[in-house]
Amino acid sequence: MAGRTSLPIHGAPPRDDYNKLPEEQKTQINEAFELFDNNDDGRLDYNEFRFCMRALGFELPKQETYGYLTKYGIPPAGWPAERGECTPPWRQFTLQTTQAVAGQLMAKRDPMEELRRAFRLFDVDSKGIITAEDLQRVSREIGQALEDSEIQNMIQEFDSNGKGGVSEDEFTKLMMSKK
Ligand SMILES: [Ca+2]
């Protein structure tokens, strides 16, 4: 690699927003990064980055992700010098860049909109309520399968009028009251 000048220096975006986030949110970002950095090399490729952002509640358009790659992406570890300039589709994101991008998005997000988004994440078939099945599926997907009794308790706690699930209103009210 030494002596090669064809690779441009890709700066990382400023992390001012990230630095101002509460510790809890910083941890959230760092844990998501670790989770999706499957090979533990401290970098995320295009898809891993989008999954990581989605896990944090941000649905980044492909165009925007590509823009970040072009601007801030770095070649993957061990990119062979003879391949020359690493074009954006091959580039990867460092933790610093992920912190900066996620930090900016987190700093400007609207809590109500976030809750609605979270609700839609559970309610995949848009039936308007989160049911026990939804909770089961999501808990399995995130690798923390819940007991049936735990799920029933959650539904009972949230479901104010016994319709067998949690409506978007109940969900947002409940979550806002916990803030
Ligand atoms: Ca990686």
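The name given to the chain in an unreviewed UniProt entry is Cell division control protein, and the organism recorded there is Phialemonium atrogriseum.

## Let's talk about the confidence of the model for the chain
When pLDDT is averaged along the chain, the result is 85; 92% of the residues meet or exceed 70. Confidence, read as mean pLDDT per element, is least for helix α9 (residues 168-177) in the chain (80) and greatest for strand β1 (residues 43-44) (96).

## Description of helix α5 (residues 95-107)
Its 13 residues place the ends of α5 17 Å apart at the C-alpha level, agreeing with the 18 Å of an ideal helix rising 1.5 Å per residue. All buried positions along α5 are accounted for by Thr97, Thr98, Gln99, Ala100, Val101, Ala102, Gly103 and Met106. Residues of α5 that are buried make contact with α1 (16-20), α2 (23-36), β1, α3 (46-55), α4 (62-72) and β2 (93-94).

## A word on unusual backbone geometry
In the Ramachandran plot, aspartate 40 falls in the positive-phi region, its phi being about 55° despite a non-glycine side chain. Along the chain, aspartate 40 turns up in the loop between α2 and β1. Aspartate 40 gets classed as exposed once you count the C-beta atoms within 10 Å, which come to 7. One non-glycine residue with positive phi stands out, namely serine 126, at about 50°. Locating serine 126 in the fold gives a position in the loop between α6 (111-122) and β3 (129-131). With 6 C-beta atoms counted inside 10 Å, the residue serine 126 sits in the exposed group.

Definitions and cut-offs
The numbers attached to residues start from 1 for each chain and follow its sequence in the written order. The model is predicted, so local features are restricted to residues of pLDDT at least 70 and side-chain atom pairs to those at 80 or more, both for listing and for counting; the totals for chains, interfaces and linings are taken over all residues. By definition, pLDDT measures how confident the predictor is in each residue, and it falls between 0 and 100. What counts as a helix is a DSSP run of H or I of at least four residues, what counts as a strand is a run of E of at least two, and both are numbered from the N terminus. What a helix should span is 1.5 Å times the count of its residues minus one. Counts of 20 or more other C-beta atoms within 10 Å of a residue's own C-beta define buried residues, counts of 12 or fewer define exposed ones, and intermediate counts define partly exposed ones; C-beta atoms are placed from the backbone. Contacts are defined on C-beta atoms placed from the backbone: any two residues whose C-beta positions lie within 7 Å are in contact.

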